[in-house]
Amino acid sequence: PITKWFPRHMFKGMLQIQSRLANVDCVLEVHDARIPYTGRSSHFHQSLISIRPHVLILNKCDLIDDNQAKAIKRQLSRTTKHIIFTDCKGGRNCRQILPTILKLMLASDRFKRSDASDIRLMCIGIPNVGKSTVINKLRQLHSDKSIHNKKPAIVGPTAGVTRNVMEKIKICSNPLVYLLDTPGILEPKNVSQDDIMKMALCSTQSDQYIGIQNIADYLLYWLNKHKHFSYVELFNLKKPYDNIDELLIEIALASDYYAKFKTPSGKTGLRPDLLQATENFINSFRTGKLGKFVLDEDFLEEKYRENVQ
Ligand code: G4P
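Since the structure is predicted, the reported quantities are computational estimates derived from the model, not experimental observations.

## Some points on the domain arrangement of the protein
In step 1: Segmentation of the protein into domains returns domain 1 (2-181) and domain 2 (211-305).
In step 2: Listed as interface residues are 14 residues of domain 1 and, on the opposing side, 11 residues of domain 2.

## Notes on the nonpolar core
In step 1: In terms of nonpolar packing, the biggest core is built from 69 residues, with Leu 28, Ile 57, Leu 121, Met 122, Cys 123, Leu 201 and Leu 219 touching the most fellow members.
In step 2: Here the element with the most residues in this core is helix 9 (residues 212-225); it accounts for six residues.
In step 3: Residues lining this core come from more than one domain, with at least three contributed by each of domain 1 (2-181) and domain 2 (211-305).

## Points about the packing of helix 7 (residues 193-201) against helix 9
In step 1: Interaxial distance between helix 7 and helix 9 falls to 10 Å at its minimum, and their mutual angle equals 105°. By the criterion of interaxial angle, the relationship of helix 7 to helix 9 is roughly perpendicular. Along the contact surface, helix 7 presents Met 197, Ala 200 and Leu 201, while helix 9 presents Ile 215, Tyr 218 and Leu 219.

## Looking at the environment of Asn 236
In step 1: With respect to the helices and strands, the residue Asn 236 is situated in the loop between helix 10 (230-234) and helix 11 (244-255).
In step 2: Separated by 18 residues in sequence, Asn 236 and Ala 254 place their C-alpha atoms 6.4 Å apart.

## Some points on the packing of helix 9 against helix 11
For any two helices packed against each other, one specifies the crossing angle of their axes together with the interaxial distance.
In step 1: Packing of helix 9 against helix 11 brings their axes to within 10 Å, and their N-to-C directions diverge by 100°. Our classification of the angle between helix 9 and helix 11 gives roughly perpendicular. Mapping the contact onto sequence places Ala 216, Asp 217 and Leu 220 in helix 9 and Ile 244, Leu 247 and Leu 248 in helix 11.

Calculation criteria
Residues numbered from 1 in each chain as written. Predicted model: local features only at pLDDT ≥ 70, side-chain atom pairs only at ≥ 80, totals over all residues. Domains from an automatic or database assignment. Contact = placed C-beta atoms within 7 Å. Core = buried A, V, L, I, M, F, W, Y, C linked by C-beta atoms within 7 Å. Buried ≥ 20, exposed ≤ 12 C-beta atoms within 10 Å, placed from the backbone. Helix = DSSP H or I, 4+ residues; strand = E, 2+ residues; numbered from the N terminus. Axes fitted to C-alpha atoms, helices over the stretch in contact; angles between N-to-C directions. Parallel < 35°, antiparallel > 145°, perpendicular 65-115°, else oblique.

So this is what it looks like as structure tokens:
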């Protein structure tokens, strides 16, 4: 049910964000480059982001290719002026973030905060898109040494690890720039089953809640629908599969994944380890081993889409 999918702490976080926006000069929206449309909050766009300068960071760009990034940027830039593709693990393009923000600040009256000596940013985005990693990268690049002794933003694989709106994090001393980190925000309305599954594939939904079998099933459906058959070669299979159970058995057999089990008579036997096969199949997407995919490729218009394949 949707109420379960929009946990209380996220609703609380949304209210906290609204109440703090008056003292924010620029909103840094972090999202996953593989889903440039899915999971971004239209509520925030309409009522919050639109009244503050806004920079969109499409992070994890190491998991898509440059042509895909160009296609997304060309289409998105019709509505979003400042878009930066980053790989915050590898560091790519991270140096562009602060100068872009500072340039924006020079062109803005900062909503009557132009006399304030500090610049305040707010970082928003759904869980696991890399907000904490972006913040840590900014601090590493720009802050003075003493800042590094302070506790870094927590980075974690579990969707929604940053639970409370954090106090100001200093990311630069000259000029003085602070950033407010926020809990991941998921919007309760207008979310289709497809959206939920794409977000689950990108780890922005908890695996436990969605179920890894369902995630693997969606991954196979999505790959086949878009005629991406790289899994056949990656897992040494003979042909593509339509059925997830058959695929997982074949992956387990081809990869020698076996689990012990006890027969009714108490003997120990071996059977294909479907759990390991499921995890490996999903991880092959999450790590980019399967290929570089934009799950939102259907959202790109024809003229942009040709770059994506
Ligand atoms: P959050 O604050 O938005 O919740 O996300 P967080 O920074 O905790 O990052 C979530 C996961 O995404 C982390 O992985 C992090 O390392 C990874 N990540 C962040 N930026 C990038 C990026 O640019 N590219 C890629 N490929 N991954 C990124 P993790 O699950 O904790 O494990 P690990 O992969 O770091 O071992």
